[in-house]
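Structural overview for review
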Amino acid sequence: MIRKWTRAQHDRLIDTARGVLAPTALIPEAQVLHVATGTVSRKNIWLCGDRIAYVGPDRPSDSAQTMIYTIRPDQVIVPGYIEPHAHPFQLYNPFTLGEFFTREGTAISINDNRMLAQHLSPEAQKTFIRELDETGGHLWLWWAYFEEHDPVKNDVLADWLAQPLVVQGGELSNWLAMRSGSADLYAKLCTVRRSGKRMEGHLPGSSANTLNLFAAAGITADHESMSADDVLKRLDLGYVAALRYSSIRPDLPKLIRALSRYPDLDRSRLMLTSDGASLPFLLQATPADLIQLAMKNGFSTTDAYRMATINPALYYHFDDAAGSVSPGRLAHLNVLDSLQDPHPADVLFSGKWIRRQGRSFPPPEDFSDRLNHYLGNRRFALPSAPPNLRETTTIGIDLVNNVITRPYTFSAEAPLSDHECRLIYLCPASKEYLSTRIRGFAVRLNALVSTYSVSGGIVLIGKNPAALNAAWKKLSAGFRGIAAESGDGSEAEIALDLLGMMSTKNIDKLAEEAATFTQNLQKDGFPYNDPYFCLLFLTVSVLPFIRLTPAGLIDVKTDHVLAPTRQLPF
């Protein structure tokens, strides 16, 4: 149960449905999309606080205690949307993402807790998600991140899974540990399975054998399908498939077109996700946008809405609380001008208007002080002047696209080519570094510094030694975020005041900054569309082929260290 009931709340809801108590609000004669049957009919909706008490032909007795919420006769009410797979630390933070989601009609999101687990104690994590939930502006649900030896203690995982707001384990990606028969990983898989909660995998490009193995281990969903065949393979093996639309994998339109050719496909096993879309792409990748893309590319109206409402609610076992306009469910309602446009005109969240007749209401509470309390920037000491960090390896990183990398070799005596930059990786926790080159990142970039990293690593990239020294000094003076000096000497930055990874600014303002920064970097020769995922995944070892880690430059498939880090000379 994601929302605990008191006995008084339980009884009031029943007595409201009986007509003994007056509803707190009434939406009279409204067109309602019933996602279970695919029909639209005109109903009276009675509310009891944050819940729906009744959906049917009757009006309650007149009462001064009942607010009347009138909508236009041509408008349609649909359930609040659900984002089944969010990473709430992509420049934005959990609070600002939730605020944005709710305003755009997405009442519930299921969120990655990895950043919390890395930087907060188990008790602080629980306090954080409780306090966040108490702000009342969104329903943040969470997953329990785990891999082999992470968390170290299995009882920490079990305790987190026991929290009512935690609905799944995952996303699990370490197929090497699975194939090697890791006893620690087996224990964690068993812990999640015994909790009765879902388990998600991160399985891009996986073979049928790997998919079988993960399914046998208890993995029940995956969001990494890149083709219709990928989707069908997962469905055949019992997975639920989340169809993705993100800046680095905008696969949704082609997936929908291809899957539309399978009339017998069980579409109740499909969901929609933007997979933690970065900015500014998120502005065009809300669940409302994804529903619209699904309709435009061949799915029926009802199936499109189901993938962002009842399907994820059923999958995560909270369809008794959300996913449909039905009695007993949370009063998360979107008022649409037309079913063909899923972007809501009005948004009701937990029985209160978030958007109404052109006005957006601010969240009931400013959470920035609490964010700083829990996730304020980490401190580490660096000298103001950089040491002579000569290249420590002749194995460089070749950037194939936004996130895929391959190794290449270079001569340390050769000057940088047009498409090469220096790259320095710092690990503040261990005070180690690696110095190499990156090819295909930029052509004219003087210097870039980024603390935007899940692992806590720092990356400096550029061609100009003086500008790289200035970037180092900026970092040592306390800057956290992403800053760059272009080849023409102009500067741009995105300050990230939470863990060097997230900003407290609202989504709209942050999206503007992100768009401007991307445009400036592209002028310097960055050839792709998403530098944020690019910088993030340089230090995340879940995608091929080589990554930067505290141990050094590693081959992801073999976990072999190609070039070790060295101790910083101070």
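Below or above, wherever it landed, is the structure these notes cover.

Cut-off values and rules
Residues numbered from 1 in each chain as written. Predicted model: local features only at pLDDT ≥ 70, side-chain atom pairs only at ≥ 80, totals over all residues. Heavy atoms only, no water. Buried < 20%, exposed > 50% of the residue type's maximum accessible area, 1.4 Å probe, protein only. Helix = DSSP H or I, 4+ residues; strand = E, 2+ residues; numbered from the N terminus. Pairing = 2+ DSSP bridges. Phe/Tyr/Trp six-rings, centres within 6.5 Å; stacked < 30°, edge-to-face > 60°. Contact = heavy atoms within 4.5 Å. Axes fitted to C-alpha atoms, helices over the stretch in contact; angles between N-to-C directions.

Moving residue by residue along a regular strand, the side chains alternate between the two faces of the sheet. Summarising burial for strand β18 (residues 395-399): four of the five residues are buried, a large majority. Bridge count for β18 against strand β19 (residues 405-409) is five bridges, and the pairing is antiparallel. In the strand pairing of β19, Leu-399 is matched with Thr-405. Where β18 hands over to β19, the hairpin turn is made up of five residues, counted between the paired strands. Note: β18 against strand β21 (residues 432-439), two bridges, orientation parallel. Residue pairing for β21: Ile-397 is matched across the bridge by Ile-438.

The next point concerns the pairing of strand β25 (residues 491-495). Of the two faces of β25, only one is covered, namely that formed by Ala-492 and Ile-494; the face formed by Glu-491, Glu-493 and Ala-495 stays uncovered. As paired strands, strand β24 (residues 481-485) and β25 are joined by five bridges and run antiparallel to one another. Within β25, the residue paired with Ala-483 across the bridge is Glu-493. In this antiparallel pair of consecutive strands, β24 and β25, the connection spans five residues, and Gly-489 shows a positive phi of 90°.

On to the packing of aromatic side chains. Per the stated rule, a full pass over the model turns up 16 aromatic pairs. Between Tyr-81 and Tyr-305, the ring centres sit 6.4 Å apart and the planes meet at 45°, which makes this aromatic pair tilted. Taken together, the residues Tyr-81 in strand β6 (residues 81-86) and Tyr-305 in helix α12 (residues 301-306) connect sequence positions 224 residues apart. Residue Tyr-81 is classed as buried on the basis of its relative accessible area, which comes to 0%. Judged by relative accessible area, Tyr-305 falls into the buried class, the value being 1%. A centroid spacing of 5.7 Å and a plane angle of 35° characterise the contact between Phe-95 and Phe-367, whose relative ring orientation is tilted. Of this pair, Phe-95 sits in helix α2 (residues 94-103) while Phe-367 sits in the loop between β17 (359-360) and α14 (368-375); the two residues are 272 residues apart in sequence, bridging distant segments of the chain. Each of the two residues, Phe-95 as well as Phe-367, counts as buried.

A word on the sheet that holds strand β13 (residues 270-273). Across a sheet, paired strands are connected by hydrogen bonds in the backbone, their directions being either parallel or antiparallel. Strands sit in the order β6-β7-β8-β9-β10-β11-β12-β13 across an open sheet of eight strands; the sheet is parallel. Each edge of the open sheet carries a strand with a single partner, namely β6 and β13. Where strand β8 (residues 139-144) lies against strand β9 (residues 166-172), three bridges are found, and the strand directions are parallel. Its bridge partner being in β9, Ala-144 is matched across the sheet by Gly-169. Sheet contacts for helix α10 (residues 252-259): β12 (240-244) and β13; angle to β12, the most-contacted strand, approximately 130°. Contacting β6, β7 (106-111) and β13, helix α11 (residues 287-296) runs over the sheet at an angle of about 100° to β6.

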